[in-house]
Number of protein chains: 2
Amino acid sequence: MEITLIKKLYRESENFNGKDVKISGWVRTLRDSKTFGFIELNDGSFFKNIQIVFEENLENFKDITKLPICTSLSVEGTIVLTPESKQPFEIKAKKITIEGKSSSDYPLQKKRHTLEYLRTIAHLRPRSNMFSAVFRVRSLAAYAVHKFFNEKGFVYVNTPIITGSDCEGAGEMFRLTTLDMNNVPKDKDGKIDFSQDFFGKETNLTVSGQLSAETLALAFRNVYTFGPTFRAENSNTARHAAEFWMIEPEMAFAELKDYMDVAEDLVKYIINYVLENAPEEMEFFNSFVDKELFAKLDNVANSNFGRICYTEAVDILIKSGEKFQYPVEWGIDLQTEHERYLTENVFKKPIFVTDYPKDIKAFYMRLNDDGKTVAAADLLVPGVGEIIGGSQREERLNVLEERIEQMGLKKEDYWWYLELRKYGETKHSGFGLGFERILMYMTGVSNIRDVIPFPRTTGSADF
Amino acid sequence: MEITLIKKLYRESENFNGKDVKISGWVRTLRDSKTFGFIELNDGSFFKNIQIVFEENLENFKDITKLPICTSLSVEGTIVLTPESKQPFEIKAKKITIEGKSSSDYPLQKKRHTLEYLRTIAHLRPRSNMFSAVFRVRSLAAYAVHKFFNEKGFVYVNTPIITGSDCEGAGEMFRLTTLDMNNVPKDKDGKIDFSQDFFGKETNLTVSGQLSAETLALAFRNVYTFGPTFRAENSNTARHAAEFWMIEPEMAFAELKDYMDVAEDLVKYIINYVLENAPEEMEFFNSFVDKELFAKLDNVANSNFGRICYTEAVDILIKSGEKFQYPVEWGIDLQTEHERYLTENVFKKPIFVTDYPKDIKAFYMRLNDDGKTVAAADLLVPGVGEIIGGSQREERLNVLEERIEQMGLKKEDYWWYLELRKYGETKHSGFGLGFERILMYMTGVSNIRDVIPFPRTTGSADF
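Calculation notes
Residues numbered from 1 in each chain as written. Chains lettered and ligands numbered in written order. Predicted model: local features only at pLDDT ≥ 70, side-chain atom pairs only at ≥ 80, totals over all residues. Heavy atoms only, no water. Domains from an automatic or database assignment. Contact = heavy atoms within 4.5 Å. Buried area = accessible area lost by both parts, 1.4 Å probe. Salt bridge = Lys/Arg side-chain N within 4 Å of Asp/Glu carboxyl O. Polar contact = N/O pair within 3.5 Å; in protein donor to acceptor, adjacent residues only side chain to side chain. Pairing = 2+ DSSP bridges. Helix = DSSP H or I, 4+ residues; strand = E, 2+ residues; numbered from the N terminus. Axes fitted to C-alpha atoms, helices over the stretch in contact; angles between N-to-C directions. Buried < 20%, exposed > 50% of the residue type's maximum accessible area, 1.4 Å probe, protein only. Lys, Arg positive; Asp, Glu negative; His and termini not counted. Least-squares fit on C-alpha atoms with pLDDT ≥ 70 in both. Expected span 1.5 Å × (residues − 1). Core = buried A, V, L, I, M, F, W, Y, C linked by side-chain atoms within 4.5 Å. pLDDT = per-residue confidence, 0-100. Phe/Tyr/Trp six-rings, centres within 6.5 Å; stacked < 30°, edge-to-face > 60°. Lys NZ or Arg CZ within 6 Å of the ring centre and 35° of its normal.

J.: I would appreciate a short explanation of the domain arrangement of chain A in the present structure.
T.: Many analyses report the size of an interface as the accessible area lost when the parts associate. All names here are of chain A. Each assigned domain of chain A is listed with its residue range as follows: domain 1 (6-100) and domain 2 (127-172 + 207-450). Contact with domain 1, which involves eight residues of that partner, is made by nine residues of domain 2. Carbon and sulfur atoms supply 46% of the area buried between domain 1 and domain 2, which totals about 780 Å² over both sides. Sorting the residues of domain 1 by area buried against domain 2 places R11, R28 and F47 first, and these three jointly supply 69% of that buried surface. As a salt-bridge pair, R11 and E280 come within 3.1 Å of each other at their nearest N and O atoms.

This is the structure we're talking about:
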């Protein structure tokens, strides 16, 4: 008999009433009396379990009543709709076959575990309700990203993870090497001889695909990356991981306004897609993780995001009379407390803050006519602060070269990036969305370690 | 006036006849006589260019005739269908605005360049026909992968790139470090003190997400990874890169046969999706890269893949009387020459070779009842040889432990992998498809460096 997935049974239960089916999965709970018992079985295809009723007429009845949690089974039986019960239907078992018996010391017993404990069993935690929901939402959100850009005709590009330049400028990097670290080869000046390394030079893990993505945007117009990025920053917070996934779209013939339009559409698209395709999981988060979740997401999905320039934002913050830990004046980088005040107390919805002082932003952001600010914009959302950063890119060769020099960087390191401006420059814009940031936002999960299957953070690369 | 994308004009040209539109893009060719001229403009949205006719009534007519290739323009004009010409329509320009003038030393002039030369300008080559087609097909094929698995209810999982184990067993690894290589800290035994490294231990770049993916398959039933993987192997061939993308599905409650069914469906799905969604690009490859391409792909898309066990395959090779460079006997690892002989000369279609000798396969492959072979299968395709490798995974704890010991590996290194067998073991299977391998197959491009935007190979990590 062919296996039927539990998801199909839930989605089409009317069609299965009275029919015989075969399913397979893992025991989540088991309780029995002398003559019958109930098993909650999860087959991995769906967030919810299916209830199996078994009775003493089964030849292995006794064995089944003694099975440990997480044993894998296959079950043949009849679907019975149960409109008066909590679950919409159940299976009356005709035959239960034990596939793999679990052990009684299985660590994920029914009681509630702390998230900290569950991180120590990262190989088993996807079997808990919480992580079953988180990683299923992660998968759906990733698909939503690809679907969104595919529908808009963006080309998906894989920019390199291993980079030969240490000049991406977005953060501390991990060095990569195949040199013998017990006996590092030196050149005649006593410096490390990277010419003997795998790539013949020093290499690192990328902190951003942006500069590479720009080269592709100037061929394909609209492109996006979606891949892992790395920061070797020693920041042991709930929001930082050493390895995380980023979505970095770049668009030729696009101004700052165009980036903001696409970013706003993208965020709404992901949220709506997940709400529609993971109703059970989202219900779980709203009930058990953050009771305000649906209200928060509705607010994002249904509001027009505000747009306000940095200078106005600073004015509002100063005039607010609010006591901030970091005092506000024009020229400072906005802190999370400032960002959250603006988006939560003032606007009460997501806002883009635009046109930041050039000195606190990267060299590649387009200089505004005032000579003091750049065409950058960050998206701030209530409850989190920044989740997207982006800008129009400086397309004018001479201005870009000047900015590189002002920042104390070397033009030679950017020869190919500069050539993009020499050969067919156009205005263009792009942004970066931290995938885990939006997952945390959508699920209410507050630690980045809990939205990544096997997180890598300072001091921790287990599994 | 809103910009219209060239792709839309091509796909809906009937609707645009006689209408005024605005487009923007880059000049691919330009020729002129005294009173009029033609521009082939590419806007990145589509493989093909659009022909623009401009006449001396334009106020900047003279300037336009002198523009270098790759200058970016915006053009307003009227669409005129030209059913008698090579191109289905053209634009009669009313206004041409120069956005960014290119330089006359632009390296990608119309003449044909070697692929080797184009690799030295990897930041510009996506603007050539060849690479415009390759990377657009890459994007579509990636989307096809996600769409295929989404339709089948597989959960997309991101397994870690940074791994703390050096026991994935699939190849040489890149070490990752933030230690000062000029002054590597040593412990009291004189060994490198990795406790001072970022993660507090030695870490490497992953060579395969499989072991992690298995943990997730035992929660979600059907999962797949699609991400970068790394090999620090000093093999300077046309088929090997140090950084490449892999698709690694893992399926619980699945036997070897089930993996082969899914893999066969996947390969056909990707090919059909790309043929359908990139007809112009595929036509280009069939005309300019490999004249047999369509015939080859049709053969794959429309045949039932053969299935033959290793022992039979060896028999056929021995009986063939063919002179191979590597002599054939039971127990050897099949070489590309053997694989190609089987798939090209004997079967003339893709085949799975199954049940390899255990000694030439990895420890995690399921031991067959004969005690000599494992439930592994490789997919061989004509013209290439192996493009997929996979197996049923050993789910029996005692057998797996024994295999680990036999291979001289340490059980402690695999504690969490072994626990998957202790808690709810099920039969399960999975496979790995090298994304670049199938891209090479689908495009006819014979060097892996030409299907990756910025390839990383021995001695080369430019851009």
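Now, onward.
J.: Would you mind going over the interface of chain B and chain A with me for this structure?
T.: The partner chain A presents 109 residues to the 109 residues of chain B that form the contact. Where chain B abuts chain A, roughly 8800 Å² becomes buried across the two surfaces, and 63% of that area is made up of carbon and sulfur atoms. When residues of chain B are sorted by the area they lose upon contact with chain A, M181, F198 and Y423 of chain B head the list and together hold 9% of the total. The interface formed by chain B and chain A contains six salt bridges. Measuring nitrogen to oxygen at the nearest pair gives 3.8 Å for the salt bridge that ties D43 of chain A to R221 of chain B. Here chain B and chain A share 35 residue pairs in polar contact (both at pLDDT 80 or more) between them.

J.: How should I be thinking about the sheet that holds strand β2 (residues 36-42) of chain A in this particular structure?
T.: In a beta sheet, neighbouring strands pair by backbone hydrogen bonds and run either parallel or antiparallel. Here we have five strands rolled up into a closed barrel, ordered β1-β2-β3-β5-β4 (chain A), and mixed in their pairing. Neighbour to neighbour, the strand axes of the sheet diverge by 55° on average, direction disregarded.

J.: How should I be thinking about unusual backbone geometry in this particular structure?
T.: Comment: phi is negative for the bulk of residues other than glycine, and the bulk of peptide bonds are trans. The backbone phi angle of F463 of chain A is positive, close to 70°, even though this residue is not glycine. Within the secondary structure, F463 of chain A sits in the segment after α14 (435-443). Under the relative-accessibility criterion, F463 of chain A is labelled buried at 13%. Even without a glycine there, the phi angle at F253 of chain B is positive, about 55°. Position of F253 of chain B among the secondary structure elements: in the loop between β11 (243-252) and α7 (256-277). Residue class for F253 of chain B comes out buried when judged on its relative accessible area of 13%.

J.: Any chance you could explain the side chain of R403 of chain A here in plain terms?
T.: Residues and elements named next belong to chain A. Along the chain, R403 falls in helix α12 (residues 397-406). Despite its burial, R403 pairs with no opposite charge; the closest candidate is D359, at 4.9 Å N-O. Excluding residues that lie within four positions of it along the chain, R403 makes contacts with K358, K361, A362, F363 and V374.

J.: Looking at this model, I keep getting lost on the pattern of salt bridges. Mind explaining?
T.: Working definition: two side chains of opposite charge can pair if their charged atoms are close together. Residues and elements named next belong to chain A. For the structure on display, the rule yields 58 salt bridges over all chains. Note that K257 and D261 form a salt bridge whose closest N and O atoms lie 2.7 Å from each other. Taken together, the residues K257 and D261, both in helix α7 (residues 256-277) and four residues apart, mark about one turn of the helix. Judged by its relative accessible area of 46%, K257 is partly exposed. Several salt bridges converge on common partners, so that one network encompasses K257, D261, E264, K268 and R307.

J.: It is not clear to me how the pairing of strand β16 (residues 428-434) of chain A should be interpreted in this structure. Could you clarify?
T.: Residues and elements named next belong to chain A. The buried count for β16 comes to seven of seven residues, which makes it a mostly enclosed element. Summarising the sheet, strand β11 (residues 243-252) and β16 pair through five bridges and their orientation is antiparallel. Looking at the pairing, M251 lines up with S429 of β16. Sheet analysis places strand β15 (residues 385-393) next to β16, joined by six bridges and oriented antiparallel. Across the sheet, G390 pairs through a bridge with F431, a residue of β16.

J.: Could you clarify how one ought to interpret the relation of the copies chain B and chain A in this entry?
T.: Put simply, the second copy of the chain is the first one after a rotation about an axis and a shift along it. Each copy superposes on the other: chain B lies on chain A with an RMSD of 0.0 Å after a rotation of 180° and an axial shift of 0.0 Å. What we have between these two chains is a two-fold relation. In terms of C-alpha distance to the rotation axis, chain B has L176 of chain B as its closest residue, with the C-alpha 2.3 Å off the axis. Taken as a fraction of all interface residues of chain B, those also at the interface in chain A reach 100%, which identifies the copy contact as same-surface.

J.: Explain helix α11 (residues 336-347) of chain B to me, please; I cannot follow it from the model alone.
T.: Residue pairs spaced three or four apart in an α-helix point in one direction, given the helix's 3.6 residues per turn. Residues and elements named next belong to chain B. End to end, α11 covers 15 Å across twelve residues, agreeing with the expected 16 Å (1.5 Å per residue, within 8%). Among the residues making up α11, those that are buried are H338, E339, Y341, L342 and T343. On its buried face, α11 is in contact with α10 (310-319), β13 (351-357), β14 (373-381) and β15 (385-393). Looking one or two residues beyond α11, the residue adopting positive phi is K348, at roughly 60°.

J.: Explanation requested: the nonpolar core in the structure shown.
T.: If you look at soluble globular proteins, the nonpolar side chains tend to sit buried side by side. Among the nonpolar cores identified, the biggest contains 234 residues, and Y259, V353 and M442 of chain A together with Y259, I270, V353 and M442 of chain B are the most heavily contacted of them. Setting aside residues no more than four positions away along its own chain, I270 of chain B makes contact with A141, A144, V145, L433, I438 and M442 of chain B.

J.: Any chance you could explain the confidence of the model for chain A here in plain terms?
T.: One rule of thumb: low pLDDT means the predicted coordinates there are not for detailed reading. Of the residues in chain A, 99% have a pLDDT of 70 or more, and the chain-wide mean is 95. Both scores are available for the predicted complex, with the pTM at 0.97 and the ipTM at 0.97.

J.: Can you help me understand the packing of aromatic side chains in this one?
T.: The geometry of an aromatic ring pair comes down to the distance between the two centres and the angle between the two planes. The full count for this structure, using the stated rule, is 71 aromatic pairs over all chains. Centroid distance F363 of chain A to Y414 of chain A: 5.0 Å. Interplanar angle 65°. Geometry classified as edge-to-face. Pair noted here: F363 of chain A is in the loop between β13 (351-354) and β14 (376-381) and Y414 of chain A is in the loop between α12 and α13 (415-422), with a separation of 51 residues, a long-range link. You'll find F363 of chain A and Y414 of chain A in the same group, each marked buried. Members of the aromatic cluster, each reached through a chain of ring pairs, are F363, Y364, Y414, W415, W416 and Y417 of chain A together with F454 and F463 of chain B. One cation-aromatic arrangement involves K372 of chain A over W330 of chain A; the distance from NZ or CZ to the ring centre is 5.1 Å. Of note, K361 of chain B hangs over the ring of Y356 of chain B, and the distance from its end group to the ring centre comes to 4.2 Å.

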